[in-house]
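Results of the structural survey
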Amino acid sequence: MKSVASAQVPAPGELVLDHVAHFVPHIDAASSALEKLGFTLTPMSAQAHRLEPGGPLLPAGAGNRCIMLKQGYLEILTPTGDTPLAGQLCTAIKRHVGVHLIALGTAAPESDHARLASGGFSPLGPVALQREIDASEGHGTARFTVVRVPPGTMAEGRIQFCQHHTPWLLWQPRWMEHANRATALNGAVLCVADPEEAARRHARFTGLLAQVSGSVWRIATARGYLLFLEPDALERRLGATPSSLPSIAGYILESDDIDASGSFLRRSGAGVRALGSRRLLVQPPAAVGGIMIFEPRNSGSLSFD
């Protein structure tokens with residue numbers, strides 16, 4: 001039986017919804033708000049990268065804290081220096097504080113890079129990313145290979161591929177228990193003017209199939225999915241107004257006890273609203289941004305019609 005950490009890595013040829021990231025200007029304020037919502041956060045960690053094979057290890061100008069789930073995770077990313085990457089974070093934050101990144105887990109970044117190149121997405125060279133992490137026994141260096149495209153190529157945000165080389169350093173048991181009972185990242189919600197165009201473009205980007213049900217377009221990965229909604233569907237079904245358009249509006253989390261989730265979140269003072277009988281919509285404070293939907297296991301598709 002696979003460990004939780006090893007189960008995060010997809011099989012060759014598969015993609016999974018690995019993580020989403022909030023871009024925030026003040027990570028202490030965002031961290032406090034998320035802890036109040038019942039999330040356990042990892043310690044702050046500074047990122048470094050090699051922009052070409054064998055190149056020097058340089059500060060990326062960004063640091064993060066993470067919310068590790070039993071499937072996938074949430075990243076809270078903030079600028080920490082004066083680098084091109086930090087500048088991209090600051091530009092995105094000026095648009096809105098919230099979710100700006102979707103990372104698709106891969107075991108074959110070279111194949112993803114080749115597909116992007118042949119599809120006209122002009123991918124940047126693969127980046128060797130790393131950050132230091134406290135391990136249960138000493139210290140470790142978490143390592144990743146990341147494939148990105150130039151800023152603005154995907155108007156909704158930074159859509160990228162991520163290969164984990166050291167998943168056991170991230171998915172440590174002490175960080176995977178959350179008072180709000182969140183256990184998995186089930187989906188990401190993108191708000192766009194033309195869902196069909198966006199879904200078909202993301203299908204070319206990922207090599208996956210875009211499907212439509214009613215007015216909602218969807219791309220399913222081997223674990224997790226992307227939903228593409230018009231602003232009026234977001235407002236009608238979720239009562240949420242997109243902070244900018246197009247954007248990554250938020251995400252869907254699985255709870256192992258939705259009643260306990262609801263009780264904790266309401267006690268925390270969060271804005272919580274029932275979606276049907278078994279789902280909960282949470283709007284985090286402005287320091288975090290975005291929307292969260294909590295749902296129980298085996299909930300089926302969220303309807304927007």
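Residues numbered from 1 in each chain as written. Predicted model: local features only at pLDDT ≥ 70, side-chain atom pairs only at ≥ 80, totals over all residues. Heavy atoms only, no water.

1. Digging into the pairing of strand 11 (residues 216-220)
Cut-off, in case you're wondering: Here, strands pair whenever DSSP counts at least two bridges between them. For the purposes of this entry, the term helix denotes a DSSP run of H or I that reaches at least four residues, the term strand denotes a run of E that reaches at least two, and both are numbered from the N terminus.
Inspection of the sheet shows strand 10 (residues 210-213) paired to strand 11 by 4 bridges, in the antiparallel sense. Bridge pairing in strand 11 places Ser-213 opposite Val-216. Counting the residues between successive antiparallel strands, the hairpin from strand 10 to strand 11 contains 2 residues, one of them, Gly-214, with a positive phi of roughly 65°. Sheet analysis places strand 11 next to strand 12 (residues 225-229), joined by 4 bridges and oriented antiparallel. By the bridge assignment for strand 12, Arg-218 is matched with Leu-227. Connecting the antiparallel pair strand 11 and strand 12 is a turn made up of 4 residues, with Gly-224 showing a positive phi of about 100°.

2. Topic: the sheet that holds strand 15 (residues 279-283)
Whenever strands of a sheet pair, they do so through backbone hydrogen bonds, lying parallel or antiparallel. To keep things clear, this is the line we draw: Here an angle of 0 to 180 degrees is reported between the N-to-C directions of two axes, which are lines fitted to C-alpha atoms, with helices fitted over the stretch in contact.
With respect to topology, 8 strands assemble into an open sheet ordered 10-11-12-9-13-16-15-14, the strand pairing being mixed. Each edge of the open sheet is held by one strand with a lone partner, namely strand 10 and strand 14 (271-275). The sheet shows a mean angle of 25° between the axes of neighbouring strands, taken without regard to direction. By the bridge criterion, 8 bridges tie strand 9 (residues 182-191) to strand 13 (residues 247-255) in an arrangement that is antiparallel. Residue pairing in the sheet places Gly-187 in a bridge with Ile-252 of strand 13.

3. Here we look at the nonpolar core
Which entries qualify depends on this criterion: The criterion is simple. A nonpolar core is a set of buried Ala, Val, Leu, Ile, Met, Phe, Trp, Tyr and Cys residues joined through side-chain atoms within 4.5 Å. Each residue gets one of three labels from its accessible area relative to the maximum for its type: buried under 20%, exposed over 50%, partly exposed in between, using a 1.4 Å probe on protein chains only. In this description, contact between two residues means that some pair of their heavy atoms is separated by no more than 4.5 Å.
With 50 residues, the main nonpolar core has Leu-34, Phe-39, Leu-74, Ile-102, Phe-228, Leu-253 and Phe-294 as its most contacted residues. Setting aside anything within four residues of it in sequence, one finds Ile-102 in contact with Leu-17, His-19, Val-20, Arg-158, Ile-159, Gln-160, Ala-188, Leu-190, Leu-226 and Ile-248.

4. Let's talk about the packing of aromatic side chains
What counts is decided by this rule: Note on ring pairs: Phe, Tyr and Trp rings are taken, using the six-membered ring of Trp, and paired if centres are within 6.5 Å. Classes follow the plane angle, with under 30 degrees stacked, over 60 edge-to-face and the rest tilted. Charge over a ring is defined by NZ of Lys or CZ of Arg lying within 6 Å of the ring centre and within 35 degrees of the ring normal.
Tallied over the full model, the rule gives 4 aromatic pairs. On the basis of an interplanar angle of 35° and a centroid distance of 6.4 Å, the ring pair of Phe-39 and Phe-294 is categorised as tilted. Highlighted residues: Phe-39 in the loop between helix 2 (27-36) and strand 2 (45-50) and Phe-294 in strand 16 (residues 291-296), separated in sequence by 255 residues. We classify Phe-39 as buried; its relative accessible area is 4%. In this structure Phe-294 comes out as buried when scored by relative accessible area, which is 0%. Ring geometry for Phe-121 and Phe-205: centres 5.2 Å apart, planes at 85°, overall edge-to-face. Separated by 84 residues along the polypeptide, Phe-121 in the loop between helix 4 (109-118) and strand 6 (127-135) and Phe-205 in helix 6 (residues 195-206) bring together distant segments of the chain. When sorted by exposure, Phe-121 lands in the same class as Phe-205, which is buried. Joined through ring pairs, the aromatic side chains of Phe-121, Phe-161 and Phe-205 make up one cluster. The ring centre of Tyr-225 lies 4.0 Å from the NZ or CZ of Arg-218, which sits over that ring.

5. Some remarks on empty space enclosed by the protein
Defined as follows: For cavity detection a 1 Å grid was placed over the protein atoms alone, and a set of points counts as a cavity when a 1.4 Å probe fits there but cannot get out; an open set counts as a pocket when protein lies on both sides within 12 Å along at least five of seven lines, with lining residues being those that have an atom within 4 Å of a point. Grid points are joined across faces, edges and corners, and a volume is the space filled by probe spheres set on the points.
The final tally for this structure, using the stated rule, is 1 cavity of 30 Å³ or more. In this model, the largest cavity occupies a volume close to 140 Å³. Lining the largest cavity are 15 residues, and of these His-19, Gln-47, Glu-75, Leu-129 and Gln-160 sit closest to its centre. The set of elements that each furnish at least two residues to the lining of the largest cavity consists of strand 4 (73-79), strand 6, strand 7 (138-147) and strand 8 (158-164).

6. Some words on the side chain of Gln-47
With respect to the secondary-structure elements, Gln-47 resides in strand 2. Not counting chain neighbours up to four residues away, the residues in contact with Gln-47 comprise Pro-59, Ala-60, Gly-61, Ala-62, Gly-63, Asn-64, Glu-75, Leu-77, Leu-85, Leu-129, Gln-130 and Arg-131.

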